[in-house]
Amino acid sequence: MPVLPFRTQNRQGDTATGIGHLLDGVSLEVMPRTAAKIPDFRPLLPQDTRIYIAHVEGTPIDDMIATAHRLRGEGFTVMPHVPARLIRDRNELRTWLHRYRAEAGVTEALVLAGGPKTPAGAFDSSIRLLETGEFEAAGFTRLHVAGHPEGNRDIDPEGGTRLVDEALFWKQDYARSTSAEMAIVTQFAFDAGSILAWDERLRANGVSLPVHLGIAGPAKLQTLLKFAIACGVGPSLSVLKKRAADVTRLLRPFEPDALLSDLVTGLAQRSDSLIQRIHVFPLGGIGAACDYVARHTARTTDKADAERGSAR
């Protein structure tokens, strides 16, 4: 596993540069309806950026495939969600996967349980989908699975992480048996301490899958609180509530600088972290999220250019 360059930068005390490196190679999540509001993603993101397409309940598969086709045509790597609880049976799963390949050229998928409490059919978890072998049969070469640094009450209704951990151990074993590349992409969180502790616990338990860490892009604090409560992000909720108690900060949009700064500091102290990339949930809008990433990565690029110029 490669050592990420931002760790070295942070040892030199340059946190801003470290954040820029941390955001290098960032991925973004959209939905068909939010993507449709952006005339062209090319001015917003570097070519080959991975864009996840969230498949929420009620979204027709035709809309998912049309969005994937459009984003592929604009030069991006596309990873649609394939949610177990929205799929009626194995034949429907096979149809979706073959349509993604044939109509949009997609070879990647985020395999997850999905939002509905009640499955539409035979599948209730990502494990049940992976067991079918349909992804390999359809020619998918990269599969991501969900991670939950602060647990997941949907999986462990009484709290704790026993079942969510067992699911990740199963996926780790599955990764050894498939030719597809695999990684973990996480739910967003706001507490660096719980993220770093989770990373350490995974490694201690033998998990070696790379982690693409979910963070929330700039958004109103009220918006983040709503999503945090709905998604059950645990310790992170206290971070948001503490910020909400400060009326002056409540009026300003939230940006993840403090979280990223803490991560840069924490990751600089460990060479074996599983965290390789950042995945942005644009809860405050796609444009705001892309602008935030561009500002930080441009700062890093400008500094590198200046250092190269002074060395000549």
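Source: prediction; values computed, not measured. (Residues numbered from 1 in each chain as written. Predicted model: local features only at pLDDT ≥ 70, side-chain atom pairs only at ≥ 80, totals over all residues. Heavy atoms only, no water.)

**Re the pattern of salt bridges**
Evaluation of the coordinates by the stated rule reveals 18 salt bridges. Here Arg 50 ties to Glu 108 by a salt bridge, and the two come within 2.8 Å at their closest N and O atoms. With Arg 50 in strand E2 (residues 50–53) and Glu 108 in strand E4 (residues 108–112), this pair connects stretches of sequence that are 58 residues apart. Summarising the burial analysis for this pair, Arg 50 and Glu 108 share the class buried. (Salt bridge = Lys/Arg side-chain N within 4 Å of Asp/Glu carboxyl O. Helix = DSSP H or I, 4+ residues; strand = E, 2+ residues; numbered from the N terminus. Buried < 20%, exposed > 50% of the residue type's maximum accessible area, 1.4 Å probe, protein only.)

**Examining empty space enclosed by the protein**
Within the structure shown, the criterion is met by 1 cavity of 30 Å³ or more. Taken as a whole, the largest cavity holds about 30 Å³ of empty space. Lining of the largest cavity is provided by Val 26, Ser 27, Leu 28, Leu 45, Val 280, Ala 289 and Val 293. Among the elements of the structure, strand E1 (27–30) and helix H14 (286–311) are those that each provide at least two residues to the lining of the largest cavity. Per-class residue counts for the lining of the largest cavity are 6 nonpolar, 1 polar and no charged. (1 Å grid on protein atoms, 1.4 Å probe; cavity = no way out; pocket = protein on both sides within 12 Å on 5 of 7 lines; lining within 4 Å. Points joined across faces, edges and corners; volume = space filled by probe spheres on them. Nonpolar A, V, L, I, M, F, W, Y, C, P; charged D, E, K, R; others polar.)

**Let's talk about the environment of Glu 92**
Secondary-structure assignment places Glu 92 in helix H5 (residues 90–104). Not counting residues within four places of it along the chain, the set of residues in contact with Glu 92 comprises Leu 86 and Ile 87. (Contact = heavy atoms within 4.5 Å.)

**Quick look at the sheet that holds E2**
The 8 strands are arranged E1-E2-E3-E4-E5-E6-E7-E8 in a closed barrel whose pairing can be described as parallel. Across the sheet, the axes of successive neighbouring strands diverge by a mean angle of 30°, strand direction being ignored. The strands touched by helix H9 (residues 192–204) within the sheet are strand E5 (142–147), strand E6 (181–186), strand E7 (211–216) and strand E8 (275–281), with E6 carrying the most contacts at an inclination of about 150°. (Pairing = 2+ DSSP bridges. Axes fitted to C-alpha atoms, helices over the stretch in contact; angles between N-to-C directions.)

**So, the nonpolar core**
One finds Phe 41, Phe 135, Leu 143 and Leu 263 to be the most contacted residues of the largest nonpolar core, which totals 70 residues. Counting residues in each nonpolar core, the second largest holds 8 residues, with Phe 190, Ala 216, Ala 219 and Leu 224 among its members. (Core = buried A, V, L, I, M, F, W, Y, C linked by side-chain atoms within 4.5 Å.)

**A word on the confidence of the model for the protein chain**
Close inspection of predicted coordinates is inappropriate in any region flagged by low pLDDT. On average, residues of the protein chain carry a pLDDT of 86, and 80% of them reach 70 or more. The low-confidence segment residues 1–13 (pLDDT under 50) makes 29 contacts with residues lying over four places distant or belonging to another chain. Below pLDDT 50 for its whole length, residues 300–312 participates in 6 contacts with residues either more than four positions away or in separate chains. (pLDDT = per-residue confidence, 0-100.)

**Here's the deal with the pairing of E4**
Each regular strand shows side chains that alternate between the opposite faces of the sheet. Counting buried positions along E4 gives 5 out of 5 residues, so the element sits mostly inside the fold. Burial of the side chains of E4 extends over both faces: Glu 108, Leu 110 and Leu 112 are buried on one face and Ala 109 and Val 111 on the other. Note: strand E3 (residues 77–83) against E4, 3 bridges, orientation parallel. Paired with His 81 across the strands is Leu 110, a residue of E4. At this point the chain moves from E3, through H5, to the parallel E4, and the crossover so formed is right-handed. Note that E4 and E5 share 4 bridges and pair parallel. The partner of Leu 110 across the bridge, within E5, is His 144. (Right-handed = clockwise from strand over helix to strand, strands pointing away.)

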